[in-house]
There are 2 protein chains.
Amino acid sequence: MFGKIRDYVPVLVWGRHYNRAALSNDLIAALIVTIMLIPQSLAYAMLAGLPPEAGIYASIVPILLYAVFGTSRALAVGPVAVVSLMTAAAVGEVAQQGTAGYALAALTLAGLSGAILLAMGVFRLGFLANFLSHPVIAGFITASGILIAASQLKHILGIPASGHTLTQIVVSLVSHLGEVNVVTLLVGAGATGFLFWVRRGLKPLLVRLGVPAGAAVIATRAGPVAAVVATTAITWGLGLEDYGVAVVGAVPQSLPPFTVPSLSPDLVGALFVPAVLISVIGFVESISVAQTLAAKKRQRIDPDQELIGLGAANIGAAFTGGYPVTGGFARSVVNYDAGAETPAAGAFTAAGLAIAAVALTPLVYFLPNATLAGTIIVAVLSLVDFSILRKTWAYSPSDFYAVTATILLTLLFGVEVGVSAGVMLSIALHLYKTSRPHVAEVGCVPQTEHFRNINRHRVETDPSLVTLRVDESLYFVNARFLDDYLQDRLARDDGKIRNVVLMCSAINAIDYSALETLEAINHRLKELGIGFHLSEVKGPVMDRLKTAHFLDELNGKVFLSQYDAWRTLTGRPARSAAE
Amino acid sequence: MFGKIRDYVPVLVWGRHYNRAALSNDLIAALIVTIMLIPQSLAYAMLAGLPPEAGIYASIVPILLYAVFGTSRALAVGPVAVVSLMTAAAVGEVAQQGTAGYALAALTLAGLSGAILLAMGVFRLGFLANFLSHPVIAGFITASGILIAASQLKHILGIPASGHTLTQIVVSLVSHLGEVNVVTLLVGAGATGFLFWVRRGLKPLLVRLGVPAGAAVIATRAGPVAAVVATTAITWGLGLEDYGVAVVGAVPQSLPPFTVPSLSPDLVGALFVPAVLISVIGFVESISVAQTLAAKKRQRIDPDQELIGLGAANIGAAFTGGYPVTGGFARSVVNYDAGAETPAAGAFTAAGLAIAAVALTPLVYFLPNATLAGTIIVAVLSLVDFSILRKTWAYSPSDFYAVTATILLTLLFGVEVGVSAGVMLSIALHLYKTSRPHVAEVGCVPQTEHFRNINRHRVETDPSLVTLRVDESLYFVNARFLDDYLQDRLARDDGKIRNVVLMCSAINAIDYSALETLEAINHRLKELGIGFHLSEVKGPVMDRLKTAHFLDELNGKVFLSQYDAWRTLTGRPARSAAE
């Protein structure tokens, strides 16, 4: 019983070996991450359409809960760009931004997402994330990055704009282009340009100046903090608010409040599908980061336990004024690079953010929204990478179609349509390929017991024997295909065929529909006086066939190897003296 | 150009060889089928919720169009039970039974279904029907048969009842049970009992009396006609209409009218999904019948041309007062048994039904609805067959789950939900299975060049070499699985492993996600100083891999056969003196 609890609460394992060295490393990492997270949390809350404090609240209790239930030692949980965008899209459908209903819907979305993640973890459904292929994820991240960057341009330009698709956003921006606030544009463009330079040019410069590489990386990550401090100071000092520069304004000085998500069936029903998508996308993003970091230290991540950790974190967000969270790439990498050893680093980060929420929020009053938009734009544009199009085009057309559809549909119809269509299209293309399997007629490679395609290799054949190797499991989608193929092959026969062998080395399963097809083929060949044999049937397939009557009625034999079948049916002598 | 037209209009092929013997056979078959079709058409129209003449109209022009465009020589196209039920369910959602809107919606459904079938034929999408597995079809037919029989009980009992699910129908029947009309019940139960006896007992009796078997079968098929004639005469003679026995009543004496389906976007939108389902289900039913009959005469059916034939038939139904049609089992088998040689038999049947529509409709005025209900019940209960549950349970649990879900969901939520869920569940179960493929560690079967599972066969192995045979194509759904499996295997190693071989005989495709996984595995093994090799890579997979950089970076070789890999990597001598 106690062992079972420990399986679900990893803190009970690593907590027992915690020591002073780990404590000191974790404390330093937490300090660095806390400083980085303050502007990031405010920015993502703005992206999600929520008041700035929601981003900080969403980073406190969720981090603590993940530290208790999660398996990754370096993952930092909180608001991330893509999930914030998806939250804005989902909540925007059911409530008006800035209303109490909007915040309540965001809490409810986090609660639902948490419940879905927990349920997936308990029922060990982590494998469902595999249905998102790598190219679909890459395409989705790229398209989301473009959408997010576009959605933030309004803050840089100081104009109103709205929309959840690229077309809507662009039309909305263009229609307000006459209202651009030049002062805001100067602040925003300045901050954005500075941040791009920090990302591209600062690290090489520091390294040339003799700063150690590790410290240079952390300094680079602190770029947003510098931009925040500088533009806040300028806005305050020059009174830019009077020139129409939008600022964060008053943020309540408070620990995360206790909040209760809505249980209204209408709201839950409207948010359910978005919550599923947010859960799956968030899980995939988080697990990718966690596995990347774990591989560096040869640690293992348990995907099903990760679901429980993320589920608990989201439930926590729902009850403490937050919104959906997941493991983020940037914050986790900083945490890792800064030397975090255990999830305790996350707990210390949470404490740091709690102090900030109580003590530091008055300092961000004059922080321009344009600066936050700049930090978002620079962060997400680094995720945009169209090389996946070139790579998949060269290797696999069906992957190329899936990724192209994902990118276009995400841009034109929003994140939910894009990612759903990408998943469904990849499944449909996979099924389509398996519906028309590759069939090779094979012959014996001379001087060996190996059999290969007669059209690709110089092989021996025998006119009385047709051996077909079907390169696919036989199941309902392709069950009729084999029947049609064999009928066409026999129609080209001039009466010499005495035996047909189905070489089953690539047949990994035979379902009930395919069994019926094999029975029909056996029946038809029997009427024609042709033997029907199987060779190289795999163990699990053979076990299954033995439960049916097929083998009793088979008008032929089952051979262990294709070479056995070839020798027996053509009457050739064994090639080896040893036998 | 002319050759192309002939491809789409098979009548141009068989029409050129038509002679007097075929004409006489076709005429006799047409007469028998016409007599059988009159009550059947009336009954199915009632099942679809349409006036009786709609069933006859739906049997005339569609048959003619199928005779021109279809490829089956024996298929008889017209109203069938399952499609009539689906029509009632779909049209009942958008219009009130008995109104002009109801009939218009039925025409529109036929037109839409025809357009969908034609489009599928032109784009050669006949393979989509393969997504309905045999067990799902069997379960759907069984559940539909029960639903249909239940829906007809109200006519036998002489009470009102409604609903498209078993629960709705039963509740509705029970709530009206106090209003049963005893006279109707006597007529209905008598007709139904007689028809059951005809189906079970008449043929053996006739054969014992010396009637040839073929004639006995046709006499059995004429049972419904006898029931119709007898109950009509009784109802007229005894004036049963005055006792509350519902009768067919006045049917217009007319050739099929020219009608125009609606193009209203609302109606078309509401009927589109049902039309897709009706098209696919109708196509599957029709092609099954056509292939069964064609196989008996060693003829071939072209599925894509069948789509065009059925599409034309449904378009015809839409413009001549009908409703969705397809190739029916009962009518086609009678047509075949009666000796039909060419589609001309269908044309003669159409002529016979046209005469009936003009001249015979007054004769059915006193035909009780209860008799028609009896003919439907007896026909559909013969389709109910639960043995598929037992068969799939024994052979394949996932097929069993799919068929069970199809039956239960069809009964509880109606035909559209049932069949859609069946298809989706079979696909999901298939994908689930491929997400956790069977992996065998293999060794060399002594005295051969054949490699088998070390856990199932007595084989030679070498501690420095691990050979894994993955029994599944590698694609996004299982891409991570192989990586996890290999990491677990290496974790159990005691430092002896020098080489890992991936035996690819069962890997029929490697998609982009899986390629990335192989690259990751190659990278990790290289760091551990372990070679990574492939063997028995199929031609199409090899072609694909050559376009990627993977083979350049591979820390090992690609071997033609596993035996080559085994000899090279373990340094064993060749077993054959010939080499």
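Residues numbered from 1 in each chain as written. Chains lettered and ligands numbered in written order. Predicted model: local features only at pLDDT ≥ 70, side-chain atom pairs only at ≥ 80, totals over all residues.

> Just checking my understanding: could you explain the overall build of chain A for this structure?
Of the regular secondary structure elements, chain A holds 24 helices and eight strands. A principal-axis box enclosing the C-alpha atoms of chain A has dimensions of 95 × 60 × 60 Å. Of all 579 residues assigned to chain A, the portion counted as buried reaches 53%. Within chain A, residue pairs in contact and separated by at least 24 positions form 80% of the contacts whose partners lie at least 6 positions apart. (Helix = DSSP H or I, 4+ residues; strand = E, 2+ residues; numbered from the N terminus. Buried ≥ 20, exposed ≤ 12 C-beta atoms within 10 Å, placed from the backbone. Contact = placed C-beta atoms within 7 Å.)

> Help me understand the relation of the copies chain A and chain B, please; the structure alone is not making it clear to me.
In this arrangement, two copies of a chain are superimposed by a rotation about an axis accompanied by a shift along the axis. In the superposition of chain A on chain B (RMSD 0.2 Å, axial shift 0.0 Å), the rotation amounts to 179°. What we have between these two chains is a two-fold relation. Within chain A, the C-alpha atom positioned nearest to the axis of rotation is that of Ala506(A), 1.9 Å from it. (Least-squares fit on C-alpha atoms with pLDDT ≥ 70 in both.)

> Hey, could you run me through the domain arrangement of chain A in this one?
Splitting chain A by domain gives domain 1 (2-403) and domain 2 (439-570). Its C-alpha centre places domain 1 of chain A at a distance of 55 Å from the equivalent point of domain 2 of chain A. (Domains from an automatic or database assignment.)

> Even after reading the chapter, I still don't get the sheet that holds strand E5 (residues 465-470) of chain B, so can you show me in this structure?
Pairing between the strands of a sheet is mediated by backbone hydrogen bonds and can be parallel or antiparallel. Residues and elements named next belong to chain B. Read from one edge of the open sheet, six strands run E4-E3-E5-E6-E7-E8, paired in mixed fashion. Unpaired on one side and paired on the other, strand E4 (451-453) and strand E8 (558-559) mark the two borders of the sheet. Relative to E8, strand E7 (residues 531-535) is paired through two bridges, and the arrangement is parallel. Residue pairing in the sheet places Leu534 in a bridge with Val558 of E8. (Pairing = 2+ DSSP bridges.)

> I keep staring at the sheet that holds strand E3 (residues 439-444) of chain A and nothing clicks. Help me out?
All names here are of chain A. The mixed open sheet is built from six strands, whose spatial order is E4-E3-E5-E6-E7-E8. Each end of this open sheet is capped by a strand with a single partner; those strands are strand E4 (451-453) and strand E8 (558-559). Sheet topology note: the E3/strand E5 (residues 465-470) ladder contains three bridges and is antiparallel. Among the inter-strand pairings, Val439 is bridged to a residue of E5, identified as Val470.

> How should I be thinking about the pairing of E7(B) in this particular structure?
A regular strand carries its side chains on alternate faces of the sheet. All names here are of chain B. In terms of burial, E7 is a largely internal element, four of the five residues being buried. Pairing of strand E6 (residues 499-503) with E7 involves five bridges; the strand directions are parallel. The residue of E7 that forms the bridge with Asn499 is Gly531. Crossover handedness for the path E6 to helix H21 (residues 512-527) to E7: right-handed. (Right-handed = clockwise from strand over helix to strand, strands pointing away.)

> For this particular structure, what's the right way to read the environment of Leu515(A)?
Residue position: Leu515(A) is located in helix H21 (residues 512-527). With 74 residues separating them in the primary sequence, Leu515(A) and Glu441(A) have C-alpha atoms 21 Å apart. When neighbours within four sequence positions are excluded, Leu515(A) is seen to be in contact with Ile510(A), Ala548(A), Phe550(A) and Tyr395(B).

> Please clarify how unusual backbone geometry should be interpreted in this entry.
Residues apart from glycine generally show negative phi values, whereas peptide bonds are mostly found in trans. Positive phi is not limited to glycine here, since Gln447(A) has a value of about 65°. One can find Gln447(A) in the loop between E3 and E4. On the basis of neighbour count, Gln447(A) is assigned to the exposed category, with 12 C-beta atoms found within 10 Å. In this model, Glu536(B) sits at a positive phi of 55°, which is unusual for a non-glycine residue. As for its placement among the helices and strands, Glu536(B) is situated in the loop between E7 and helix H22 (539-546). The buried category is assigned to Glu536(B), around which 26 C-beta atoms lie within 10 Å.

> Which parts of the structure should I look at to understand the interface of chain A and chain B?
Note: interface size is frequently given as the accessible area lost on complex formation between the parts. Taken together, the contacts link 55 residues of chain A with 56 residues of chain B. Considering every element that reaches the side of chain A that touches chain B, the biggest residue donor is helix H19 (residues 415-435) of chain A, with six residues. Its residues assigned to classes, the side of chain A that touches chain B comprises 22 nonpolar, 20 polar and 13 charged. (Nonpolar A, V, L, I, M, F, W, Y, C, P; charged D, E, K, R; others polar.)

> Any chance you could explain the pairing of E5(A) here in plain terms?
Here E5(A) runs beside strand E6 (residues 499-503) of chain A; their pairing, made up of five bridges, is parallel. What sits directly across from Arg469(A), in E6(A), is Met503(A).

> Before we go on, may I ask you to explain the confidence of the model for chain A in this structure?
Detailed conclusions should not be drawn from predicted coordinates in areas where pLDDT is low. Taken over all residues, the pLDDT of chain A has a mean of 88, while the share at 70 or more is 97%. Across the predicted assembly, pTM comes out at 0.82 and ipTM at 0.80. (pLDDT = per-residue confidence, 0-100.)

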